[in-house]
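Architecture and fold: a report
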Amino acid sequence: AATVLTIGEILVEIMATTPGEGFGEPQPLVGPFPSGAPAIFIDQVSRLGTPAAIVSRVGDDDFGRLNLNRLRADGVDVSGIEVAAGETTGSAFVRYRPDGSRAFVFNIAHSATGRLSLTPSAEALIERCDHLHIMGSALSAPGIAHLAREAVRRVKARGGSLSFDPNLRPEILQAPGLPEALDEVLAQCDVFLPSGEEIFLFTESKDEAAAVTELLQRGIGTVVIKRGNQGASRFDQHGRIDAAALTVDEVDPTGAGDCFAGAYVSFWLAGADPETTLRYANAAGAHAVTKLGPMEGAATLSGLNALLAAQNGKDP
Ligand code: ATP
């Protein structure tokens, strides 16, 4: 089976247990949970039985070990995760505001992940993988961007495929060199996975259908738009397919997009048809929001089948 590789940050997430504006007063917390968008993505790929590996870097501390142990237990090849002595693994404190948006305190600027380099193990994985998945966060961090761009060039040059999830949070949009990096990766990507309005950051047009046409004309094979609790849509030269959101109890939306992308890439690489691929990706996103903790909702195939079967039972 095809091997999927991703590159990027690993951190832990610690969550407030009550809604509020932030962390300005002592309050009950839960966690740490394994996190980092690329880590969530690759965990989902592996839980679906697709060979999966990640190039990253953690500190020699409990937060790093928490992540390593989880990824290893879920079958991810962790040979490309460097454990950096004397450095720390990043963390993010997250609190949901009453309006549903999220307040963050990040401790990642000086984390071990920021000093990724092309180690022999990373190089071996880049040479061996069939598919590479890149996220916007990897392109905005100076210590990761050069490696991510080099990996894109190498994997594409030898015929591998590339998916790209921009995942651009406001705080990373100002990163130096980000526009060039985004353009370079977008130009080579086979599957582009923006969420909602994010697509307009990459197009002249501010109308969705026209924006999609613009991207397909630039040579992107497939555009998949994630729409949160409104489901998802997939576009290629042959047209459009929509998936209505499944009805689930949303406990924690963090990680939905990463699980969606992980399932999409797994099914696509396994040769599933477009409808099936979108249906399972949509189900993986829905499954992800039902669990507290960003990576806790990554589903197995039987979990997705059970969720889809239960939904069919709900149809009139
Ligand atoms: P994040 O950055 O938090 O991981 P995202 O913005 O990349 O998320 P979303 O659009 O929020 O991604 O979610 C991805 C997919 O997950 C959606 O397209 C949909 O298929 C599914 N999904 C998300 N939220 C829900 C929900 N409340 N109910 C059902 N499905 C959902």
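Everything discussed here concerns the structure shown above.
The paragraphs below set out a description of the structure included in this document. (Residues numbered from 1 in each chain as written. Predicted model: local features only at pLDDT ≥ 70, side-chain atom pairs only at ≥ 80, totals over all residues. Heavy atoms only, no water.)

Moving on to the nonpolar core. Among the nonpolar cores identified, the biggest contains 45 residues, and Ile42, Ile54, Leu71, Ile81 and Phe260 are the most heavily contacted of them. Every element with two or more residues in this core is listed here: α1 (37-47), β4 (52-59), α2 (62-73), β13 (239-243), α8 (256-269), α9 (274-288) and α10 (301-314). Among the elements that take part in this core, α8 stands out by supplying eight residues, more than any other. Grouped together as the second largest cluster of nonpolar side chains are 41 residues, Phe164, Ala181, Leu182 and Val212 included. (Core = buried A, V, L, I, M, F, W, Y, C linked by side-chain atoms within 4.5 Å. Buried < 20%, exposed > 50% of the residue type's maximum accessible area, 1.4 Å probe, protein only. Helix = DSSP H or I, 4+ residues; strand = E, 2+ residues; numbered from the N terminus.)

Turning our eyes to something else, we now look at the sheet that holds strand β10 (residues 191-192). Across a sheet, strands are paired by hydrogen bonds formed along the backbone, either parallel or antiparallel in direction. Spatial ordering of the open sheet is given by β5-β4-β1-β8-β9-β10-β11-β12-β13, a layout of nine strands whose pairing is mixed. Every other strand in the sheet has two partners, leaving β5 (81-84) and β13 as the edge strands with one partner each. Examined bridge by bridge, strand β12 (residues 232-236) and β13 share five bridges and lie antiparallel to one another. Note that in β13 the partner of aspartate 236 across the bridge is glycine 239. Together, β4 and β5 form the strand contacts of α2, whose direction differs from that of β4 by roughly 165 degrees. (Pairing = 2+ DSSP bridges. Contact = heavy atoms within 4.5 Å. Axes fitted to C-alpha atoms, helices over the stretch in contact; angles between N-to-C directions.)

What the rule picks out here adds up to six aromatic pairs. With a centroid separation of 4.9 Å and an interplanar angle of 10 degrees, the aromatic rings of phenylalanine 104 and phenylalanine 106 are classed as stacked. On the accessibility criterion, phenylalanine 104 (33% relative accessible area) is partly exposed. Ring plane angle 75 degrees and centroid distance 5.2 Å describe the contact between phenylalanine 192 and phenylalanine 202, whose orientation is recorded as edge-to-face. Of this pair, phenylalanine 192 sits in strand β10 while phenylalanine 202 sits in the loop between β10 and α7 (208-217), and the two are ten residues apart along the sequence. Residue class for phenylalanine 202 comes out buried when judged on its relative accessible area of 9%. An aromatic cluster is defined as three or more aromatic residues linked by ring pairs; in this entry it consists of Phe164, Phe192 and Phe202. (Phe/Tyr/Trp six-rings, centres within 6.5 Å; stacked < 30°, edge-to-face > 60°.)

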